[in-house]
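Read off the chains here:
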Amino acid sequence: MPRAVIVAAGDLDDLPAEVSTVANTLSSAGWTVRLCVGGDASLAGLLAAAGEGDAQLAWFGLHSSADGFALADGVLSPAQLGVWLR
């Protein structure tokens, strides 16, 4: 069964509906979906999700800048994201 991780943090107006749509679409297609939303969209949440096994898809809904990606507990650098995706 394919596995997806959805990571969503920050104050984005349409994010809750979009996360719900993505999660429901993937689930109905037979995917196992791991949500890292709100406070769980943290470095610890990403590490926990990675420890659960390989994912074929990672979907991110969050703010970013040249410094990286805004998680609930700080900024994840592009290099850190690359390591996590690997």
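Residues numbered from 1 in each chain as written. Predicted model: local features only at pLDDT ≥ 70, side-chain atom pairs only at ≥ 80, totals over all residues. Heavy atoms only, no water.

A.B. asks: Describe in detail the packing of aromatic side chains, supporting the description with residues and values.
C.D. replies: Per the stated rule, a full pass over the model turns up one aromatic pair. With a centroid separation of 5.9 Å and 80° between ring planes, the pair formed by Phe60 and Trp84 is classed as edge-to-face. Separated by 24 residues along the polypeptide, Phe60 in strand E3 (residues 57-61) and Trp84 in helix H3 (residues 78-85) bring together distant segments of the chain. Residue classification places Trp84 among the buried residues on the basis of a relative accessible area of 17%. (Phe/Tyr/Trp six-rings, centres within 6.5 Å; stacked < 30°, edge-to-face > 60°. Helix = DSSP H or I, 4+ residues; strand = E, 2+ residues; numbered from the N terminus. Buried < 20%, exposed > 50% of the residue type's maximum accessible area, 1.4 Å probe, protein only.)

A.B. asks: Any chance you could break down the sheet that holds strand E4 (residues 64-65) for me, citing the residues and the numbers?
C.D. replies: Read from one edge of the open sheet, three strands run E4-E5-E6, paired in antiparallel fashion. Of all strands in the sheet, those bounded by a partner on one side alone are E4 and strand E6 (74-76). Two strands pair when backbone bridges link them, and E4 and strand E5 (residues 68-71) are joined in this way by two bridges, in the antiparallel orientation. Within E5, the residue paired with Ser64 across the bridge is Phe69. H3 rests against E5 and E6 of the sheet, and its axis sits at about 65° to E6. (Pairing = 2+ DSSP bridges. Contact = heavy atoms within 4.5 Å. Axes fitted to C-alpha atoms, helices over the stretch in contact; angles between N-to-C directions.)

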